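# Working through the structure, step by step
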Amino acid sequence: MKLFTAVYHEPGIFNYPLGRKLKKDFADLPWHEIKSHNRIEEMTQRPNSDFPKMKRFLIIGTRKTHRYTENHKISDYLVPFTSSGCTAMCLYCYLVCNYNKCAYLRLFVNREDMMERLIKNSKKGAVPQTFEIGSNSDLVLENMITNNLEWVIPAFAREGRGQITFPTKFASVKPLLGLDHQGKSIFRMSVNPQEIIDHIELGTSPLHQRIQAVNDMCEAGYPVGILIAPIILNDGWKEKYMNLIDQLADGLTEKAKKSITIEMIFMTYSFVQNAINKEAFPEAPDLYDNQSMSGGGRGKYRYRKELRLEAEPVLTDYVRLRLPEARLVYVC
Ligand code: SF4
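Residues numbered from 1 in each chain as written. Predicted model: local features only at pLDDT ≥ 70, side-chain atom pairs only at ≥ 80, totals over all residues. Heavy atoms only, no water.

This brings us to unusual backbone geometry. Of note, the bond from A229 into P230 is cis; its omega dihedral lies within 30 degrees of zero at -15 degrees. If you trace the backbone, P230 turns up in strand β13 (residues 224–231). Of note, N147 is a non-glycine position whose phi angle comes to about 60 degrees, a positive value. For N147, the position within the fold is in the loop between α6 (139–146) and α7 (148–159). Phi at Q182 is positive, roughly 50 degrees, even though this residue is not glycine. Structurally, Q182 can be placed in the loop between α8 (174–177) and β11 (185–191). Taking the relative accessible area as the measure of exposure, Q182 reaches 48% and is therefore partly exposed. (Helix = DSSP H or I, 4+ residues; strand = E, 2+ residues; numbered from the N terminus. Buried < 20%, exposed > 50% of the residue type's maximum accessible area, 1.4 Å probe, protein only.)

In structure tokens, the structure reads:
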């Protein structure tokens, strides 16, 4: 099955080499001109039940806003980069909170502008910084379409200061293994129990392939990390997540286990996601449970404090037991 069924593009994209390349690569699809990738009238008017169909549209434009946001977790800044949205359909995807049902993949062809800014910003400041370039999309998935990472990683290694980092749920890392990265790109894999991948992280890579990808990237010399995220506290969570941690301990190489960082993030869910999922995936598991979740403001739901207080020590203690050399960076 083809990944995309149609392309929607801003008129100016053909002024960029990537825009012209994409035109050739997807010449067999219908192309529709749009004024701006930000608001496509035809999309906003579609019903929520069209969400899976809309995920098969490819939107191409240029990025106009480039404001870096300070971040205090694994990186120092979140960088608006070469794409937003994604073709996968994780039922909790936070991008749906930002883009609603328009969380389809948007590619921004002015990558040279973004790269120039990134290199320039990396040289500011008294000490080297870490820049999160994949907070708005999945760059490993995007790389399958644009090859952007294959260009960004060596370019940052050559000219950038500090490090760049990106998380993914995709295992297609083969094109990245031979790149000259100089240890300046941190690869982070997001994992969940296979049962959750099957029913909730629709369209992403299976767990065993994700673990293999971490091993391969580590072997290729990249700094690597694992995100156990988002942790979903539905029925049987204790067994499911302890089993996942066992699978990591058994499946990661000794080298990876010695050097990985671990981030653990509990799921937040929202009214918007719930409304779309109910209509777009009526058969899917319901992620909202009013017994275990409460409102955290602005239509967001979080797990109740008592449940968090029960789950957090169980899972962090087990991570420390099974992956004693890994560095647990934060739990949130
Ligand atoms: Fe969202 Fe990431 Fe899932 Fe894509 S892979 S749908 S960006 S959570």
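Glancing now at the site of the ligand. Around the ligand, a shell composed of C86, A88, C90, C93, L95 and K169 is seen. When grouped by side-chain class, the residues that make up the shell around the ligand number five nonpolar, no polar and one charged. (Near = heavy atom within 4 Å. Nonpolar A, V, L, I, M, F, W, Y, C, P; charged D, E, K, R; others polar.)

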